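# Structural features, examined
As a plain string of letters, each chain reads:
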Amino acid sequence: MVKALYMSLALISVCSVAFMQPKEIANAELSVAEGISVTEITQTTEITKPNNRMTVVATAYCSCKSCCGIYAENRPDGIVYTASGTVAKANHTIAVDTSVIPFGTKVIINGKEYVAEDTGGAIKGDRIDIYFDSHSDALEWGKRTIEIEVIL
Ligand SMILES: [Zn+2]
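Residues numbered from 1 in each chain as written. Predicted model: local features only at pLDDT ≥ 70, side-chain atom pairs only at ≥ 80, totals over all residues.

Turning our attention to the sheet that holds strand 5 (residues 127–131). If you walk around this closed barrel you meet the six strands as 1-5-2-4-3-6, and the pairing is mixed. Adjacent strand axes in the sheet meet at a mean angle of 45° when their direction is disregarded. In this structure, strand 3 (residues 106–109) lies alongside strand 6 (residues 144–151), joined through three bridges in antiparallel fashion. Bridge pairing in strand 6 places isoleucine 108 opposite glutamate 149. (Pairing = 2+ DSSP bridges. Helix = DSSP H or I, 4+ residues; strand = E, 2+ residues; numbered from the N terminus. Axes fitted to C-alpha atoms, helices over the stretch in contact; angles between N-to-C directions.)

Here it is as structure tokens:
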């Protein structure tokens, strides 16, 4: 009878742990540790583990008119400013949907570190746009589905 009571308590606890933050889970482990095994708790905490890998469709752009439209016409000094105010650089700048990846976020693409600095009309959701120095480099990249790592 005592054992049956412990089992039902354990079920209630495990269900609520799934909706807790990691700090609350640590407290929950302490409070229910007598009633259930550690193994059950460990399996539940996996749910809240952050995942910083994303599969995205990555296109490419440069500073030319066909890539930037009217924005390419307003660069008398030749410097390409991004939507966040930085100067666009190849092997560094990417355009993102800032509701998915905020400005300033570091993103690893093929082992290289890029920074989310720009936006684009078509760059919504799981899309990124990689900045290149020349239009031929951008064309060479084309459109690829890749896995990126977002540094949280
Ligand atoms: Zn271009």
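It is worth spelling out the pairing of strand 1 (residues 53–61) at this point. Two elements, strand 1 and strand 6, share six bridges in a ladder whose sense is antiparallel. Looking at strand 6, one finds that valine 56 is bridged to isoleucine 146. Relative to strand 5, strand 1 runs parallel, the two being bridged by five bridges. Residue pairing across strands places alanine 58 opposite isoleucine 128, the latter belonging to strand 5.

To continue, consider the pairing of strand 3. Across four bridges, strand 3 lies against strand 4 (residues 112–118) in antiparallel orientation. In the sheet register, isoleucine 108 faces strand 4, and the bridge partner there is glutamate 113. With antiparallel pairing between neighbouring strands as the criterion, strand 3 and strand 4 make up a hairpin whose turn holds two residues, including asparagine 110 at a positive phi of roughly 50°.

As a further point, take the nonpolar core. Counting 19 residues, the largest nonpolar core has Ile94, Val96, Ile128, Ile130, Tyr131 and Phe132 as its most contacted members. Taken together, the elements giving at least two residues each to this core come down to strand 1, strand 2 (93–95), strand 4 and strand 5. With four residues, strand 1 is the largest single contributor of residues to this core. Look past the residues within four positions of isoleucine 94 in its chain and what remains in contact with it is Val107, Tyr114, Ala116, Asp118, Ile128, Asp129, Ile130 and Tyr131. (Core = buried A, V, L, I, M, F, W, Y, C linked by C-beta atoms within 7 Å. Buried ≥ 20, exposed ≤ 12 C-beta atoms within 10 Å, placed from the backbone. Contact = placed C-beta atoms within 7 Å.)

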